[in-house]
Structures are given as structure tokens and as C-alpha cells.
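One letter stands for each residue in the lines below.
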Amino acid sequence: RSPISIGIFLCILPPLVLVLMQLLPQIPPVWYYAATSSGGIISYTSIFIASISEVVPEELRAPCIGIMIAGFSGSLSLAPVLPLVMNHFRVSLLSLSLTVLAFVISVVFLPETLPDAVASQNRRQQPSETSTSEETTVATTCRSSLVVTSVLSMPFQKVAILNRTTMLQLLTVGAFFASMVYSTDINLVLFYMEAHLNFRDQDIARLFFVSGAVGLIVQVVLLQPLIRLFGEKWLLVATFACGSLHNFLYGISKDQTGIWAAFLLSQFTHLNYPLLSSFASKGALKTEQGQVQGALSAISALAAALGPVLMQSIYDYTKDSIIFGPGTMFVFAALLYLTGTIIVSFLQVDQLFSPHAVASPSSHDEEEEAL
């Protein structure tokens, strides 16, 4: 619960700085960028998903995560409407008030989901870990460079959990491609619509409201029946294929009708997030849910940083081409999603992680040697 509260607290900083910048125009924008970047220190969404994985049966994890994603879809559908009825300063104040309210709720009402048995087990493991750490420190007193290397390599050791099984490896590659494209869609598609397809504020607000409402219905109402009908694996494959289709529509659309169709299809694509998280939760022990979700979130964050940079470069080189023109970057994004579709189609449900894989000391030694 504490990391979630800290993560939400960091989300207070961007609207707070934005309000201060409007009250004190001499504040440079770099403070807003720094406040926005601080939100990446703790990914509270991955901790939310880990908490869900700890208390919800496997067959219900994807629908429950979908309900959480539906909350984001609902808020995204309403957000573009606010500037139409409020000025920018009031919107900033409302954003600040909502984030403060979310922080208060997380502190006062959010329960602790870590089971007592798991907490007791972690506490029993702490003395051995401490002693190991002390022995390592003593052994490396005269080798400070090795200590620094060990500290710097620790995040990579934590992420190595995604290399444990073939299923997790395939999920990681699929999530990487999906995050690259998703970050591009979020960051660049609005500029593309305004610059090339004559979208205005009212058009964008209407588009986001309708697509957000559709996303809410898809995540809350349709996800569970679709899982029962197709199974998690083939539904995940279908969402990746839909991602390839809706990005291709972005690239070839010449009017607002094509963008509307692509936006509505993208709500089905967004089902891949709860499905990927559900699959990942099945690839780790109950005590490792936070680690596996955090590792998957870290890989996704890296991809989200690379995606817009790569797509912007493609846009700069192809915006005057005679085939797809400025939409070439979305055609390339469609190819990335198509590659992800092929990769996740090789997922095998029987490749789930077995708890017995870490039961023997030899397996620990082998994993340590591999790292």
C-alpha cells in the first residue's frame, strides 16, 4: 500500500507545478518537465496489478485488471471535455484537487493486500538476506568498483525474472512492441489529426468521449465473455492483430471517418494490457507478483520512451513521400504490432511457471550462476 500512496503522491507534482506556473509566469517550464518525469519513479499501476494478482483467482485476474483499466478509459473520455467548459487555470486546479483526493483515498481507505502468510515468509527471509549483504560488503571493502557494478546491475537482476520461462520471454517481447506503438498513439496521433486531418478541440473532445465510453464497455462488460469464448491466449493474439489494423487505418486515413473507425478499434486493442498482466502473473510465485509486474512495467516504460522518438524520425523522413506520406509512421507501427501478433501466437499455456522450479537449492545456484 505504501508504494501506491507514494506513486500517487508523485502524480500530485505535475498539476501543482502547472498551477504555480500560471500564478507565477516566471517559473521556467523545466520544473513541469521534472515534475512529470518524477511520476516514473514508482509505477503505481504495476503495484495495483500485483495487488490484484495476490487476492484474485487466476481465472478472474484479467477481468479485474480490465475493470481497473476501464477507470482510466472513463477518465480519458471526460478529460478533453473539461477545457470546453472551463478555462485552463480551473482545469489545472481541478486536476490538482483530484490527484490530492486520490492520495487521501490511498492513505485512508486502501487496504493492505499482502497476505499475512506471505508477509511472515518475507520477514523470515530478511535475516539471511541481511547477513548475506553484510558478508558481501565485507568481502568487497577493497573492491569499490565491484560494489558499484553490483549496485548498478541490481535492476537488471530483478528484470531477469522475465527470462525465467519461454512464456515470460514471449510476453516481454510482445509487451515491448505494444508499448512502443501505444506511446506513439498517445503522444503523436493528436498532433497528426490536428495537422493533417483538420481536427479541432470539439472534434477531439467528441472523439475521446465516445471512444472512452466504448472502452469502458469493452473492458467491464465484454472482456470476461470474450475470455470464456476464445481463451486468454487467442484473445491476446486478436487484440494484437486489431492493434495492427487500427494503426494501419491511422496511416491511410484521409478524413475523420477513418480516424473514428481506428479509435473505436483501438479500444479492443487495449484489452491486451490486462491480458499481458494476467499472463505474467501466472509466470511467478505469489511472493513475486510485485517483481514480475514491476519488471514488465520497466520493459514497457523503456519501449514507451523509444517509440515516439523512432516514429518521429520516420515521420521526418517520410512525410513528403508519395505512398503513405505523413501516415507512414503509423504503417510502420502496424508492422510492429503484426510482429507482436506472430510472437504472442507462440505462447503456450502449459509453459506456466512451476513453484517447484525454485524449491531446490540447486536451481538457486543455477539461476545465480546464470545471472
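Residues numbered from 1 in each chain as written. Predicted model: local features only at pLDDT ≥ 70, side-chain atom pairs only at ≥ 80, totals over all residues. Heavy atoms only, no water.

> Can you break down the packing of helix α9 (residues 166-196) against helix α15 (residues 328-344) residue by residue, with the values?
For the pair α9 and α15, the least separation of the axes is 9 Å and the interaxial angle reads 160 degrees. Between α9 and α15, the interaxial angle falls into the category roughly antiparallel. Seen along the crossing, α9 lies across α15 with a hand that is left-handed. Of α15, the residues touching α9 (which contributes Leu170, Val173, Gly174, Phe177, Ala178, Met180, Val181, Asp185, Leu188, Val189 and Tyr192) are Met329, Phe330, Ala333, Leu336, Tyr337, Thr339, Gly340, Ile343 and Val344. Split into classes, the residues belonging to the contact of α9 with α15 amount to 16 nonpolar, three polar and one charged. (Axes fitted to C-alpha atoms, helices over the stretch in contact; angles between N-to-C directions. Helix = DSSP H or I, 4+ residues; strand = E, 2+ residues; numbered from the N terminus. Parallel < 35°, antiparallel > 145°, perpendicular 65-115°, else oblique. Left-handed = near helix turned anticlockwise from the far one by under 90°. Contact = heavy atoms within 4.5 Å. Nonpolar A, V, L, I, M, F, W, Y, C, P; charged D, E, K, R; others polar.)

> Summarise the packing of aromatic side chains; cite the residues concerned and give the values.
A full pass over the atoms with the stated rule returns nine aromatic pairs. Their ring planes at 55 degrees and their centres at 5.6 Å tell us that Phe9 and Phe103 sit as a pair that is tilted. Taken as a pair, Phe9 in helix α1 (residues 2-23) and Phe103 in helix α6 (residues 88-108) lie far apart in primary sequence, 94 residues in all. By relative accessible area, Phe9 is classed as partly exposed at 40%. Taken together, the ring pairs in this structure connect Tyr192, Phe208, Tyr250, Phe263 and Phe330 into an aromatic cluster. (Phe/Tyr/Trp six-rings, centres within 6.5 Å; stacked < 30°, edge-to-face > 60°. Buried < 20%, exposed > 50% of the residue type's maximum accessible area, 1.4 Å probe, protein only.)

> Any chance you could break down the nonpolar core for me, citing the residues and the numbers?
Core analysis: the biggest nonpolar cluster contains 56 residues, and Leu171, Leu236, Ile259, Phe263 and Met329 have the highest contact counts within it. Of all the elements in the fold, those that place two or more residues in this core are α9, α10 (201-230), α11 (232-252), α12 (256-269), α13 (272-281), α14 (289-318) and α15. Ranked by residues supplied to this core, first place goes to α9 with 13 residues. Counting residues in hydrophobic clusters, the runner-up holds six residues, among them Val56, Ile65, Met68 and Ile69. (Core = buried A, V, L, I, M, F, W, Y, C linked by side-chain atoms within 4.5 Å.)

> I'd like a rundown of the side chain of Gln267, residues and numbers included.
Within the secondary structure, Gln267 is located in helix α12. If near-sequence neighbours (up to four positions away) are discounted, Gln267 is found in contact with Ser211, Val214, Gly215 and Val218.

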